[in-house]
Amino acid sequence: MSRRFVFGGSWLVAAPPGRVHAVLVDLEHYPDWWPQVRAVAKIDDDHARVLCRASLPYTLDLVLTAVERGPHLLETRLDGDLEGFVRWRIGPDAAGTRLVLEQEVVVTGRLMALAAYVTGRPLRWNHEQMMAGGLAGLRSRLAQASSSGE
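(A) Broad picture of the pairing of strand 4 (residues 60–70). Sheet analysis places strand 3 (residues 47–52) next to strand 4, joined by six bridges and oriented antiparallel. If you follow Leu51 over to strand 4, its bridge partner there is Asp61. Pairing between strand 4 and strand 5 (residues 73–80): eight bridges, direction antiparallel. Paired with Leu64 across the two strands is Leu78, which belongs to strand 5.

(B) Molecular detail of the side chain of His21. Looking at the element boundaries, His21 is found in helix 1 (residues 17–25). Taking relative accessible area as the criterion, His21 reaches 15% and is therefore assigned buried. The residues touching His21, leaving out its near neighbours within four places in the chain, are Arg69, Gly70, Pro71, Leu74 and Ile90.

(C) Structural detail: the nonpolar core. Of all hydrophobic cores here, the largest spans 35 residues; its most connected members are Trp11, Leu24, Trp34, Trp88, Leu99 and Leu138. Top element by residues in this core is helix 4 (residues 121–147). It accounts for six residues. For Leu24, the contacting residues outside a window of four places in its chain are Tyr30, Trp33, Leu74, Ile90, Leu99 and Leu138.

(D) Quick look at the sheet that holds strand 4. The antiparallel open sheet is built from seven strands, whose spatial order is 1-7-6-5-4-3-2. Each edge of the open sheet is held by one strand with a lone partner, namely strand 1 (3–13) and strand 2 (37–44). Within the sheet, the average angular offset between the axes of one strand and its neighbour, ignoring direction, is 20°. Sheet analysis places strand 5 next to strand 6 (residues 82–93), joined by six bridges and oriented antiparallel. If you follow Leu74 over to strand 6, its bridge partner there is Trp88. Contacts between helix 4 and the sheet are confined to strand 1, strand 2, strand 3, strand 6 and strand 7 (96–107), with strand 1 contributing the most and set at about 25° to the helix.

(E) The arrangement of the environment of Ala95 in detail. Within the secondary structure, Ala95 sits in the loop between strand 6 and strand 7. Its relative accessible area of 42% is what places Ala95 among the partly exposed residues. Sequence separation between Ala95 and Ala14 is 81 residues; the distance between their C-alpha atoms is 5.4 Å. Those residues in contact with Ala95 that lie beyond four places of it in its chain are Val13, Ala14 and Ala15.

Conventions we followed
- Residues numbered from 1 in each chain as written.
- Predicted model: local features only at pLDDT ≥ 70, side-chain atom pairs only at ≥ 80, totals over all residues.
- Heavy atoms only, no water.
- Pairing = 2+ DSSP bridges.
- Helix = DSSP H or I, 4+ residues; strand = E, 2+ residues; numbered from the N terminus.
- Buried < 20%, exposed > 50% of the residue type's maximum accessible area, 1.4 Å probe, protein only.
- Contact = heavy atoms within 4.5 Å.
- Core = buried A, V, L, I, M, F, W, Y, C linked by side-chain atoms within 4.5 Å.
- Axes fitted to C-alpha atoms, helices over the stretch in contact; angles between N-to-C directions.

Shown next as structure tokens:
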């Protein structure tokens, strides 16, 4: 039992693309600024185990594999409770940086797959909560870096 989800969106942040890229590529420090990313354990330079939990009472257990780390494109393959990819396109904007999200996943975790089979609405809502936390955290992290002169 599984279900496919496609997510997308665009974030604007008031920082130059290079600084935004540096924060996003530093996966080990996501728990410092993204509240829904509960833990990151580096496996090697290209792989990490990540635990995420937003509003639903379920922690996603994921293995992330770096596919692309270029200055304008970050792409990660996901395995575990979700299988698929997350892609961030990074570009300049009058406000600083525009991030465009593309994500396609199949829910594979048993409990999550059952919830996805019954209805995807709670899972989409949960994803929206996670992304809202990420955007707020990223903006805060970049503001802190800017005020400290990083």
